[in-house]
Amino acid sequence: MQINLEILGFATVEDSQKCTALNEKRVVSDMMLRRRLTRNARISLYLTDQIGDFTSPVVIGNAYGEVGETFDILRCIAINETVSPTAFQNSVHNTPASYLSIVGENKGYITTVSDLHATSTSVLKVGAVKSLSYDTLLLIVSDSVDFERVSELNRCGITLKECGVALRVRHTTKEPTVILEGKKYAGYSPSIWSMLEIVEKLREAKSGEAIIAIEI
């Protein structure tokens, strides 16, 4: 089954370690809430703000979940310290979705997809299916794996950028204008490659309708 999506807008952010200038103070005015945000939540909120749509249904993807918060919990257990309630609250993979719902007062459909290296592909597939039921959707993928002592887990020594990509899409019956080739991007988590390729194609096209075909 093939479902075609028209790309209405996109936003990206990346950094070799941690993304800066995410406009947290403007996007999240509540200081206490802002202090609780995870890296993935900050990126997702920034991207949503850049696109300018806090009301559409959302599909969010992350390959590794909130590994920073999970590490903090395990560290506290290992040294017999009290586990932070905030870390516990933020340790689930759908944490960014919950903060998007709270900050944007979005009471509609929001879900999270976690599929390791195939995460962005799965986000596109879920988004394509949901586009048959909603006018527009936001598709967001982010991953942040720069946390304390991450090198002890990353024994291969691979350095991954902190990165996020968001697309605003809608269903269309028009023919595809953007053909994806399954490109790979060194230095980025494979979980985000499909979304990165779409953005690259959009920037190359510069004008005209951008329509992609998603195989379900």
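Residues numbered from 1 in each chain as written. Predicted model: local features only at pLDDT ≥ 70, side-chain atom pairs only at ≥ 80, totals over all residues. Heavy atoms only, no water.

Asks: Help me understand the sheet that holds strand β5 (residues 162-172) in this model?
Replies: Note on sheets: strands pair through backbone hydrogen bonds, and any given pair is parallel or antiparallel. The strand order across the open sheet built from six strands is β3-β2-β4-β5-β1-β6, with neighbouring strands paired in mixed fashion. The outermost strands of the open sheet, each flanked by one partner alone, are β3 (110-113) and β6 (211-215). When strand polarity is set aside, the average angle formed by the axes of neighbouring strands in this sheet is 30 degrees. As paired strands, strand β1 (residues 2-15) and β5 are joined by eleven bridges and run antiparallel to one another. Residue pairing for β5: E6 is matched across the bridge by R170. Across the sheet, helix α7 (residues 119-130) lies against β1, β2 (58-61), β3, β4 (137-143), β5 and β6, angled at about 170 degrees from β4, the strand it touches most. (Pairing = 2+ DSSP bridges. Helix = DSSP H or I, 4+ residues; strand = E, 2+ residues; numbered from the N terminus. Axes fitted to C-alpha atoms, helices over the stretch in contact; angles between N-to-C directions. Contact = heavy atoms within 4.5 Å.)

Asks: So what exactly am I meant to see when it comes to the side chain of T38 here?
Replies: If you trace the backbone, T38 turns up in the loop between α2 (31-36) and α3 (39-51). The exposure class of T38 is buried, given its relative accessible area of 1%. Only 3.1 Å separates the side chain of T38 from the backbone nitrogen of A41, close enough to count as a polar contact. Once you skip the residues sitting within four places of it in the chain, T38 turns out to touch E66, E69, N90 and T95. (Buried < 20%, exposed > 50% of the residue type's maximum accessible area, 1.4 Å probe, protein only. Polar contact = N/O pair within 3.5 Å; in protein donor to acceptor, adjacent residues only side chain to side chain.)

Asks: Help me understand the packing of α7 against helix α9 (residues 193-205) in this model?
Replies: For the pair α7 and α9, interaxial distance at closest approach is 6 Å and the crossing angle is 70 degrees. The orientation of α7 with respect to α9, classified from their angle, is roughly perpendicular. Residues S120, T121 and L124 of α7 pack against W193, S194, M195 and I198 of α9. A breakdown of the residues in the contact of α7 with α9 according to their chemical character gives four nonpolar, three polar and no charged. (Parallel < 35°, antiparallel > 145°, perpendicular 65-115°, else oblique. Nonpolar A, V, L, I, M, F, W, Y, C, P; charged D, E, K, R; others polar.)

Asks: It is not clear to me how unusual backbone geometry should be interpreted in this structure. Could you clarify?
Replies: With phi around 55 degrees, A21 is a residue other than glycine that occupies positive phi space. Overall, the relative accessible area of 60% leaves A21 in the exposed class. Residues other than glycine seldom take positive phi values, yet N80 does so here, at roughly 60 degrees. Along the chain, N80 turns up in the loop between α4 (67-78) and α5 (85-89).

Asks: Sorry, what's going on with the packing of α3 against helix α6 (residues 95-104) here?
Replies: When two helices pack together, their arrangement is captured by the angle between the axes and the distance separating the axes. Close contact between α3 and α6 brings their axes to 8 Å; oriented N to C, the two are set at 45 degrees. The angle between the axes of α3 and α6 places the two elements in the oblique class. Relative to α6, the crossing made by α3 is right-handed. For the pair formed by α3 and α6, the contact residues are N40, A41, S44, L45 and T48 on the first element and P96, Y99, L100 and V103 on the second. Residues belonging to the contact of α3 with α6 are distributed by class as follows: six nonpolar, three polar and no charged. (Left-handed = near helix turned anticlockwise from the far one by under 90°.)

Asks: Is there a simple way to explain the environment of K184 in this structure?
Replies: Within the secondary structure, K184 sits in the loop between β5 and α9. Placed 87 residues apart in sequence, K184 and A97 show a C-alpha to C-alpha distance of 27 Å.

Asks: Help me understand the pairing of β5, please; the structure alone is not making it clear to me.
Replies: Both faces of the sheet carry side chains from a regular strand, because those side chains alternate between them. In terms of burial, β5 is a largely internal element, eight of the eleven residues being buried. Relative to β5, β4 runs antiparallel, the two sharing seven bridges. When the bridges of β5 are listed, L138 appears paired with R168.

Asks: What should I look at first to understand a nonpolar patch on the surface in this one?
Replies: Side chains of M1, V129, L132 and I216 sit close together on the surface and give an oily, nonpolar patch of about 380 Å² of accessible area. According to the relative accessible area criterion, I216 is partly exposed, its value standing at 43%. (Patch = residues over 30% accessible without salt bridge, like charges linked within 9 Å, V, L, I, M, F, W, Y side chains within 5 Å. Areas by Shrake-Rupley, 256 points an atom, 1.4 Å probe, with all protein chains shown as cover. Salt bridge = Lys/Arg side-chain N within 4 Å of Asp/Glu carboxyl O.)

Asks: Just checking my understanding: could you explain the pairing of β4 for this structure?
Replies: Taking burial as the measure, the seven residues of β4 include seven buried ones, the bulk of the element. Neither face of β4 is exposed, since L137, L139, V141 and D143 on one face and L138, I140 and S142 on the opposite face are all buried. Alignment of β2 against β4, held across four bridges, turns out to be parallel. When the bridges of β4 are listed, I60 appears paired with I140.

That is the geometry; function is a separate question.
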